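The chain contents come next:
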Amino acid sequence: YGDPAWSIALVVLAALTDALDGTVARWAMRRRGRVTSTAGEWLDPLADKVFVIGVLGAIQAHDPAPWGLIALIAARELVVIPLAAAYRLVMSSRMPHAFKAGLFGKAATIAELAAIVALILRSPVALPIAIAAATLGVAAVISYIARSLAAAPAV
């Protein structure tokens, strides 16, 4: 951390690998004759969460930003992590997994990455982008919950 060009390059590289990892994993599974992977369903989003929290932690450690701004960027992670943990502990045996990324999730990820880049550059647009990231992140969480409830078996 410290050189904005290298920091942004690493964020962009991470975004590209995140965009490609699912495609590569599905291709590899098809080559092996398998169709699905339950590990990939939880490992990929977990890696995304660790990445976002790790980047924001590095920013705070080296060039602190206002905590409110950090919380806005990480809003989805701050809400999803405890909800996902509760879901896995309480409901996983009773309900099918329904957490594939949807439109709001993809948009929230893009907004988070844009907010991180703006934060690294100390751009004045960091706050509006962080607000957009938080809004999209909360919409993604609501979408995940709605899809999970819709997939729940009738009792």
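For the structure, check the block above.
Quick caveat: nothing in here was measured; it's all calculated off a predicted structure.

(A) Looking closely at a nonpolar patch on the surface. Taken together, Leu 78, Val 79, Leu 83, Ile 145 and Leu 149 make up a surface patch of nonpolar side chains, about 440 Å² in accessible area. Here the element with the most residues in the nonpolar patch is helix α4 (residues 75-91); it accounts for three residues. Relative to the helices and strands, Leu 83 resides in helix α4. Judged by its relative accessible area of 40%, Leu 83 is partly exposed.

(B) Focus on the packing of helix α5 (residues 103-120) against helix α6 (residues 126-151). The contact between α5 and α6 brings their axes to 8 Å, and the two run at 155 degrees. One way to sum up the angle between α5 and α6 is to call them roughly antiparallel. For the pair α5 and α6, the sense of crossing is left-handed. Contact with α5, carried on its side by Phe 104, Gly 105, Ala 107, Ala 108, Ala 111, Glu 112, Ala 114, Ala 115, Ala 118 and Leu 119, involves Ala 126, Ile 129, Ala 130, Ala 132, Ala 133, Leu 136, Gly 137, Ala 139, Ala 140, Ser 143 and Tyr 144 of α6 and no other residues of that element. Within the contact of α5 with α6, the residues separate by chemical class into 17 nonpolar, three polar and one charged.

(C) A look at the side chain of Glu 77. Counting through the fold element by element, Glu 77 comes out in helix α4. Polar side-chain contacts of Glu 77 include one of 3.4 Å to the side chain of Arg 76.

(D) Layout of the pattern of salt bridges. Throughout the structure, instances matching the rule amount to four salt bridges. The salt bridge partner of Asp 63 is Arg 122, with a shortest N-O separation of 3.3 Å. Note that Asp 63 is positioned in the loop between α2 (38-62) and α3 (67-73) and Arg 122 in the loop between α5 and α6, a separation of 59 residues in sequence. Owing to a relative accessible area of 36%, Arg 122 belongs among the partly exposed residues under this scheme. One network of salt bridges, in which partners are shared, links Lys 49, Arg 76, Glu 77 and Glu 112.

(E) View of the packing of helix α1 (residues 4-31) against α5. One can describe the packing of α1 onto α5 by two numbers: an axis separation of 10 Å at closest approach and a directional angle of 170 degrees. On the basis of their axis angle, the class for α1 and α5 is roughly antiparallel. Across the interface between the two elements, Pro 4, Ser 7, Ile 8, Val 11, Ala 15 and Asp 18 from α1 touch Thr 109, Leu 113, Ile 116, Val 117 and Ile 120 from α5. Among the residues making up the contact of α1 with α5, the classes are represented as eight nonpolar, two polar and one charged.

Reading the values: rules and limits
- Residues numbered from 1 in each chain as written.
- Predicted model: local features only at pLDDT ≥ 70, side-chain atom pairs only at ≥ 80, totals over all residues.
- Heavy atoms only, no water.
- Patch = residues over 30% accessible without salt bridge, like charges linked within 9 Å, V, L, I, M, F, W, Y side chains within 5 Å.
- Areas by Shrake-Rupley, 256 points an atom, 1.4 Å probe, with all protein chains shown as cover.
- Salt bridge = Lys/Arg side-chain N within 4 Å of Asp/Glu carboxyl O.
- Helix = DSSP H or I, 4+ residues; strand = E, 2+ residues; numbered from the N terminus.
- Buried < 20%, exposed > 50% of the residue type's maximum accessible area, 1.4 Å probe, protein only.
- Axes fitted to C-alpha atoms, helices over the stretch in contact; angles between N-to-C directions.
- Parallel < 35°, antiparallel > 145°, perpendicular 65-115°, else oblique.
- Left-handed = near helix turned anticlockwise from the far one by under 90°.
- Contact = heavy atoms within 4.5 Å.
- Nonpolar A, V, L, I, M, F, W, Y, C, P; charged D, E, K, R; others polar.
- Polar contact = N/O pair within 3.5 Å; in protein donor to acceptor, adjacent residues only side chain to side chain.

Scope: geometric values only; no functional claims are made or implied.
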